Amino acid sequence: MIGLGLLGLALLCHVATAAALRLERLPAALRGTPWRAGAAVVHALGLIAGVIEKGALPLESMQWGLASLAFWVVVGAAGVRRRPRMEVLGNTLFGLGLFLLIGALVAPTGADPTRLDPLWFPLHVALILGGLLGFALSFGVSGLYLFVHRRLKRRELADLRRFPSVQALDQWNARAMGAGFVALTAGMLVGGTWALTHPQTSMGPDLTVHGTLAVWIWYAVGLYLRVVAGWQGRLIAVFSVIGFGTMVLLGLLAALFFQGWHGFGGVG
Amino acid sequence: MRLVAVGISHHTAPVELREQLAVAPERVGELLSRLRVERVGEEGVLLSTCNRVELYAVPSGDRGPDELAGWLAESSGLRARVAGRHIYRYAEEDALKHLFRVACSLDSMVVGEPQIIGQVRDAYQKGVTAKAVGPVLRRVMDRALHVAKRVRVETDIGREAVSVGSSGVELARQVLGELDGKSALLVGAGAHGKLVARAMLFQGLGELVIANRTFANAVALAELLGASAVHGDEIGRYLERVDVALTSTSAGRVLISAEMLAPIMRRRRYRPLVLIDLSVPRNIAPEVNSLEGVYRFDVDDLAQVAEQGAERRRSAAVRAEQIVHEEVHQCWRLLVDQVAHQRVGALSRRADLIRQAELDRALGRLPQLGERDRELLDAMTRAIVKKLMNSPLQEARALIAQGEHARLESLLQAMGVEAADPTETDG
């Protein structure tokens, strides 16, 4: 309970960070870093408390998996924000991190961790979450790409300096999507190997497996279009937004949310 | 403490007068030497740029800003009365403030332009080389450069595009990121095209190709800009590989249409292409903007970016003025305190001189005293003076800390220290 309480407090701290950034009256030095650092520390303490309470890595349930993912997204957002012209992208990713943390706080609690394989399971979940993190970054970057692209095309040029160039956003998108795909593939291979070596586990009609497979196919097609067919810029950004918005958020996460990690083998 | 700034700038004098008063770089050293030899100033730094000629000096004796202004005019062969109307004069804290504003580009024709810092640094260096920079100007110039750097870091004063050239660069960067290693095609030899191309080269553009109907003109411009020249009918071929295309011609017709560009973009696999049309009538059909990967801008867009940049610089200038205000106050206080501490030092020295003179006289009347007795007397007189001076010295230092310089001066004069030498510093 302490872990969850701290995660709730972390959410409030993150929201306060966002508010402090907009407080013009605060001195510049007090607007950003101290708040962000404080919120990240509370978030990390929440995860550590969760580990102590559950006696397992913060990956054993949907709730803790999302909380971990949210942590890395907000920390990454702070890093991105410090780069020139990346402030808006950092803010976009920060918003995504908050969304994931809220998801973690309202998600159903997980299963008994003692029933999970202590070696394969954390690796499998970490890789899958890494893949989702890559797709989440790709989604955020793509959304920003489409926004900047639209403004350039409409020649609405006010304040464009605050945004990264469309070329830089396209490159970030490619990297995030590629890294996410590699991590997801590795995660699926680890999970599949584990399932094959544990024949007593029934695969059954599991939503997570099918959802993950659908996401994998979608991004495989996206990368094929990019590398082989030469899709780039707007086309691939739209592809990423649709992929993450429908398949990941609506499909896979919904399946995870209602079902837990898996619907078979007593996992989740 | 005395500091004077005299000079002319684009604010006060027409270009005809500025060019007459301008000092060639090789003459700066000679002029600064004369400043000292003729006992006009003890220290001096001469800043001579297209937009200003200014002398920052610590005047000699009781000379004032008017005499320095007259000397500056006459040293350029101008009659003081003619130039005098245009020469501004600042003294003490105002002179310091003026220098800081100049170094921070707040007094420039284009507020925020970056060249002025280098020009101030160069002027300072020339002053050092001419041995015309002493303790006051050293501290003042170092501080001015520090403030200029601080303003650059803490405000957006130098970051916004305000000219046609920098606006073109800004738009290209918004699409392509940094221009290092990128390539551009310039069609025509119009003035705006040259400005943008030059600005892009300055930002690291890797390759510039110039196409013109008249090949000889393309070659001449290419030589000027360090680019390569091609015939005007090769535009299509180059559009396939460059990242930016600028048109600046008087052709009066469309040179790049959507029909022409569509197959080119397919062959480019929709790699981004920035088109900047600087011609009126336009050379690039507006419809090309609907093609995938194409970003088209024209002179109105450049003007829009420049205007926004100017507006943002004006906002940044307000913050920069605050920084200058803070720094002037702080620096002036330091300078004044430095001189005051030196005056207090003079009080101690005076007391010791009196002691030494009286001791020498007494010892002259007592030739029978041995070495040990003499040492004893010396130590005794030192101790007496030290004890006597302890209280006034403490009082003087307290007055410095409180900024009570007028009361300090009264105290010092009451103690017999002569009025301050205007050029006196602690070295």
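Keep in mind it's a predicted model, so treat the numbers as computed, not measured.

What counts as what
- Residues numbered from 1 in each chain as written.
- Chains lettered and ligands numbered in written order.
- Predicted model: local features only at pLDDT ≥ 70, side-chain atom pairs only at ≥ 80, totals over all residues.
- Heavy atoms only, no water.
- Pairing = 2+ DSSP bridges.
- Helix = DSSP H or I, 4+ residues; strand = E, 2+ residues; numbered from the N terminus.
- Axes fitted to C-alpha atoms, helices over the stretch in contact; angles between N-to-C directions.
- Contact = heavy atoms within 4.5 Å.
- Buried area = accessible area lost by both parts, 1.4 Å probe.
- Salt bridge = Lys/Arg side-chain N within 4 Å of Asp/Glu carboxyl O.
- 1 Å grid on protein atoms, 1.4 Å probe; cavity = no way out; pocket = protein on both sides within 12 Å on 5 of 7 lines; lining within 4 Å.
- Points joined across faces, edges and corners; volume = space filled by probe spheres on them.
- Nonpolar A, V, L, I, M, F, W, Y, C, P; charged D, E, K, R; others polar.
- Buried < 20%, exposed > 50% of the residue type's maximum accessible area, 1.4 Å probe, protein only.

1. Considerations on the sheet that holds strand β3 (residues 52-59) of chain B
Residue and element names in this part refer to chain B.
And then number 1: Strand order in the open sheet made by the four strands is β2-β3-β1-β4, with antiparallel pairing throughout. Strands with a single pairing partner mark the edges of an open sheet, and in this sheet they are β2 (41-48) and β4 (88-91). When the angles between neighbouring strand axes are averaged without regard to direction, this sheet yields 15°.
And then number 2: Note: strand β1 (residues 4-9) against β4, four bridges, orientation antiparallel. Paired with V6 across the strands is R89, a residue of β4.
And then number 3: Strand contacts of helix α2 (residues 25-37): β2 and β3, with the helix running at about 155° to β2, the strand carrying the most contacts.
And then number 4: Set on the sheet, helix α3 (residues 65-75) makes contact with β1, β2, β3 and β4; between it and β1 the angle comes to about 45°.

2. Here we look at the interface of chain B and chain A
And then number 1: Contacts between the two partners involve 28 residues from chain B and, on the opposite side, 24 residues from chain A.
And then number 2: Overall, the association of chain B and chain A removes approximately 2100 Å² of surface from exposure, summing both partners, and the carbon and sulfur fraction of that is 41%.
And then number 3: Looking only at chain B, the three residues that lose the most surface to chain A are B:Q174, B:R269 and B:Y295, adding up to 31% of its buried area.
And then number 4: Put simply, chain B and chain A have five salt bridges between them.

3. Quick notes on empty space enclosed by the protein
And then number 1: Evaluated as defined, the whole model comprises two cavities of 30 Å³ or more.
And then number 2: For the largest cavity, the calculated volume is near 100 Å³.
And then number 3: In terms of lining residues, the largest cavity is bounded by 13 residues, among which A:Y145, A:G233, A:R234, B:Y270 and B:P272 are the most central.
And then number 4: Taken together, the elements giving at least two residues each to the lining of the largest cavity come down to α6 (120-154) and α7 (166-197) of chain A.
And then number 5: Considering every element that reaches the lining of the largest cavity, the biggest residue donor is α7(A), with three residues.
And then number 6: The space that makes up the second largest cavity amounts to roughly 50 Å³.
And then number 7: Secondary structure elements with two or more residues in the lining of the second largest cavity: α1 (2-21), α4 (62-81) and α5 (87-106) of chain A.
And then number 8: At four residues, α4(A) tops the list of elements feeding residues into the lining of the second largest cavity.
And then number 9: For the lining of the second largest cavity, the per-class residue count stands at five nonpolar, three polar and two charged.

4. Let's talk about the sheet that holds strand β10 (residues 294-298) of chain B
Strand pairing in a sheet is mediated by backbone hydrogen bonds. Such pairs are either parallel or antiparallel.
Residue and element names in this part refer to chain B.
And then number 1: Spatially, six strands are ordered β7-β6-β5-β8-β9-β10 in an open sheet, and the strand pairing comes out parallel. Since the sheet does not close on itself, it has two edges, and those belong to β7 (228-231) and β10, each with one partner. Within the sheet, the average angular offset between the axes of one strand and its neighbour, ignoring direction, is 20°.
And then number 2: Judged from the five bridges that link them, strand β9 (residues 273-277) and β10 form a sheet pairing that is parallel. Within β10, the residue paired with I276 across the bridge is F297.
And then number 3: Sitting on the sheet, helix α8 (residues 164-176) is in contact with β8 (244-247), β9 and β10, with an inclination near 160° to β9.

5. Re the pattern of salt bridges
All names here are of chain B.
And then number 1: Summed over the entire model, instances satisfying the criterion amount to 36 salt bridges over all chains.
And then number 2: Measuring nitrogen to oxygen at the nearest pair gives 2.9 Å for the salt bridge that ties E154 to R150. In this pair, E154 and R150 are both assigned in helix α7 (residues 135-154), four residues apart and thus about one turn of the helix distant.
And then number 3: Among the residues examined, E154 registers a relative accessible area of 41% and is labelled partly exposed.

6. Remarks on the pairing of β8(B)
Residues and elements named next belong to chain B.
And then number 1: Side chains of β8 alternate between two faces, with V244 and L246 and A245 and T247 buried alike.
And then number 2: Relative to β8, strand β5 (residues 183-187) runs parallel, the two being bridged by four bridges. Looking across to β8, one finds that V187 is bridged to T247.
And then number 3: Bridge count between β8 and β9: four bridges; the pairing is parallel.

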